[in-house]
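Coordinate inspection notes
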Amino acid sequence: MMTIPPVVRPAKPFDLELVKVTKRFGSFVANDQISLKVPAGTFHALLGENGAGKSTLVKCIMGFHQAEEGDILVHGHSREINSPYDAYQFGIGMVYQHFTLVPAMTVAENLVLSRPDTPGIINWKDEMARLREFMQTAPFKMDLDTPASELAAGQKQKVEILKQLYLDSKFLILDEPTSVLTPSEADEVLGLIRDKVKAGDLSVLLITHKFREVFGFCDEITVLRRGQFAGHGLVKDLTADDMAAMMMGGQRETKIVPKAVRERGPAGLEIKGLCANKDNGVPALTNLNLTVHEGEVVGIAGVSGNGQRELVEVLAGQRPATGGELVVHGASYHGTRAETAEHGFFLLPEEPLRNACVPQMSVAENIAFRSFDRPPMTRAGCLVSRAAIRSFAQDLITRFSVKTRSPETPIGDLSGGNVQRAVLARELGPGTARVLIAANPCFGLDFAAVESIHGQITEARNRGVAVLLVSEDLDELLALADRLLVISHGEFVYETTPAQADIKTIGHHMAGH
Amino acid sequence: MAIPTGAVVVALALFGLFCAFQGKNPFAVFAAINKAAFGSWYSFQNTLVRAAPLMLTALCTALPARLGLVIIGNEGALVVGGLSATAAGLACATAPVAVVISVMTLAGMVGGGLWITVCGALYYQRGVNETISSLLMNYIAIAVLNHLVNGPMRDPSSLNKPSSFPIPDDKMLPAMGDSNVHYGLVFGLVACVIAWALMEHATFGFKVRMIGGNIRAARMSGLPVARLGLITCFLAGAAAGIAGMIEVAAVHGRANESLAAGYGYAGILVAFVARYRGLPIILVATLLGGILASGGILQRQFKLPDATILVFQGLVFLVILFSDSLYGKFKFFKEREA
Ligand SMILES: Nc1ncnc2c1ncn2[C@@H]1O[C@H](COP(=O)(O)OP(=O)(O)OP(=O)(O)O)[C@@H](O)[C@H]1O
Ligand SMILES: [Mg+2]
């Protein structure tokens, strides 16, 4: 008989294997007998469409969910992982898609407090000495005394990864860690992690939708489709088409909506002398002027943190403008409910769960946010008709292939990509949009969904919608935009068209020179 | 509902322990409470009389809670509602009874409503924490009550308990049929049903739930967040104001310190246990009304001090708050779905 050794935190990477893991939510099977093996010291990618069950599977490894069936083998021994603390004991750590840093605390405090064995009384002198020593060997340098709230997204993501290294995790799970990073930041971060893997210090399981990252950094892939195992292989033996076929099941046709040639229409959205502040009261936008015409897509490029977020928030009514005005279809616009409906002023904000949804309300209710207070959704003028909302949502759920168990499921239970689709269905589904603001609409989406969203945006443009597309993905902008503006330090510094665009010049302006 | 029910059961067990430490047989105490609260039609009437204001004050916490505001100014809104109702009732005391009652109701609603709206306005205009401001305003309300019944509104004939002039007996809220239960119960039931319909079925409640669930999404949808917040605060205060009106018009007949008898604070507890839902509030208020009604029995039969009932209330409070913080920590709470 083999005896199972007691748990000691491992000093080097170990094999991790899942054997026929099944996880159900009620009657819905999110993971159906999934097997997966990550040998010690390898970089493994977990691929699959939105809602395939990737996050659910890694949450089983982390002890957030408990698998109903199957085994998790850590270093060859079957283990029960009932909580993230258990996972920590096994040397398994995870970086989540959403940040978990405490904003008011410094980087150092965040690191020290993340340790489950932090003593009740902290000897900061010793801790800081230890931290400095750790930073000597860390893959990226970081100022320990900066409050987390002052870090840009890319830096926060680096701290999250540092935290796992500081906790001495030997098995690192990354759930779409790069969706908040620019491509060059992503390359930097993944490259440094890759180096640690190469040095034999770490195993990594990476969830991603980007083939570029798979080919650039990973050794092996496992693919899930609709909760089932759909393939496995070495990256060097596979092409992107092979992987796509595994993800989608069989071949698929790419459908690119062509941009119709059309006259530029009258002004849809005019931004006149707009000013707004950041959260800390420092100006983020200064005297911004922009006109988006009907039937045109205006793209805004820029390094994140140059005022894009504030601009979209002002347009969404989530942040007060400190100066200037918005004009829509020639009339002054203040974002009231009557105005949004009258002008068809709709938005696809980034982080849809945070910006555009109420997580605990149902998918159907969330899809009805634009229309619940008007006939045919109302009865007797002031009552909401559940039946009408349900049938309205059901139609959009089908048309936009939102994967949800039922329209009554809380939208917070949907996978990241499907939340995005539900918002897309709400904003573009009824076809009443006349002005559309889209901010990084494809973050975290699988390639089929990206294609479908790009198609929807182009179709909207062809219909005569005035589209403002704010994106950190230059390829996306070049593919969709009619005009391209570069924003830097809250001002537009450069304008071009995709036809004339020169990547170098754009990059130059983005960097603020 | 599993958690609030569980919490009440745990609180009952703790209360039993408490009684045991006092040297009383807990089962005898429970039996006595049950008998005093629900044992006979006569005692149940007593329970209902106490449940009526609880239903109304519970709404004062429950409605803003759906918006994400934690308002605990129930006692203050009740007192101000009661004072306004008294003043208005005295001003038109010669009118027919239906008019007097309507005017008093309206005045109670406006008084209590504006009182809580102040907390809402402080929050939306200046970012003042609504929990703290509403709590502190309770003390202001009670101070105003004491000032008025000792000064401007004082009836010189009220000697040992300074009170306002009385509402004439024939202008008071009568009892229903030949029972002891006054029409305040109807006010309470109707208010809870309206609150339920408003929050669960009306467009207004849909908007409120959007704001409470995610204010950013609500803003993006063009909802006037501050206006809806203020309206909700007004409705919440108005409900507690009606409770004050009922205490004056159906029970005391005048405004005095008996107004601040703790129905406001107990209402917070009812709202918590009922998870801020209109219909469960009716049930929980009736239960708590029964427990309040049994206070006298405990004193007479078991020589337990008057405050024993408060100990029980406090226990329920603590257990509910505690179980909230445990929620999600145990497998037991997780993922129980169809
Ligand atoms: N807590 C939950 N309760 C009920 N259903 C859930 C829950 N979490 C996830 N699901 C469902 O399980 C399925 C898989 O979700 P999961 O988050 O694992 O997808 P994913 O592969 O990570 O997708 P994405 O790429 O969009 O992030 C989805 O259909 C989702 O609706
Ligand atoms: Mg996911």
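Residues numbered from 1 in each chain as written. Chains lettered and ligands numbered in written order. Predicted model: local features only at pLDDT ≥ 70, side-chain atom pairs only at ≥ 80, totals over all residues. Heavy atoms only, no water.

Core analysis: the biggest nonpolar cluster contains 177 residues, and Leu269, Leu315, Phe345 and Leu468 of chain A together with Met210 of chain B have the highest contact counts within it. Sorting elements by how many residues they give to this core places helix H10 (residues 225-252) of chain B first, with 13 residues. Setting aside chain neighbours within four positions, we find Leu269 of chain A in contact with Leu290, Thr291, Val292, Leu315, Val327, Val328, Phe345, Val435, Ile437 and Leu468 of chain A. Leu131, Phe140, Leu172 and Leu181 of chain A belong to the second-largest nonpolar core, a separate cluster that totals 49 residues. (Core = buried A, V, L, I, M, F, W, Y, C linked by side-chain atoms within 4.5 Å. Buried < 20%, exposed > 50% of the residue type's maximum accessible area, 1.4 Å probe, protein only. Helix = DSSP H or I, 4+ residues; strand = E, 2+ residues; numbered from the N terminus. Contact = heavy atoms within 4.5 Å.)

Accessible area lost when the parts come together is the quantity often used to give the size of an interface. Residue and element names in this part refer to chain A. Segmentation of chain A into domains returns domain 1 (16-248) and domain 2 (295-320 + 334-510). Contact residues are listed per partner, giving 17 residues for domain 1 and 15 residues for domain 2. In total, about 1400 Å² of surface goes out of reach between domain 1 and domain 2, with carbon and sulfur atoms giving 57% of it. For the domain 1 face of the interface with domain 2, the top three residues by lost area are Asn50, Ser179 and His209, together amounting to 34%. Remark: the boundary between domain 1 and domain 2 carries one salt bridge. Residues Lys403 and Glu49 are paired through a salt bridge, measuring 3.7 Å at the closest nitrogen-oxygen approach. Taken together, the links from domain 1 to domain 2 amount to four residue pairs in polar contact (both at pLDDT 80 or more). (Domains from an automatic or database assignment. Buried area = accessible area lost by both parts, 1.4 Å probe. Salt bridge = Lys/Arg side-chain N within 4 Å of Asp/Glu carboxyl O. Polar contact = N/O pair within 3.5 Å; in protein donor to acceptor, adjacent residues only side chain to side chain.)

Here we take up the interface of chain B and chain A. Contacts between the two partners involve 22 residues from chain B and, on the opposite side, 41 residues from chain A. Run the count over chain B and chain A and you get two salt bridges. Here Arg209 of chain B and Glu365 of chain A are joined by a salt bridge, their closest N and O atoms 3.4 Å apart. Linking chain B with chain A are 13 residue pairs in polar contact (both at pLDDT 80 or more).

Moving on, we get to the confidence of the model for chain B. All names here are of chain B. Per-chain confidence: chain B averages 90 in pLDDT, with 95% of residues scoring 70 or above. Contacts for the low-pLDDT stretch residues 328-338, under 50 throughout, to residues beyond four places or in other chains number 16 contacts. Across the predicted assembly, pTM comes out at 0.84 and ipTM at 0.86. (pLDDT = per-residue confidence, 0-100.)

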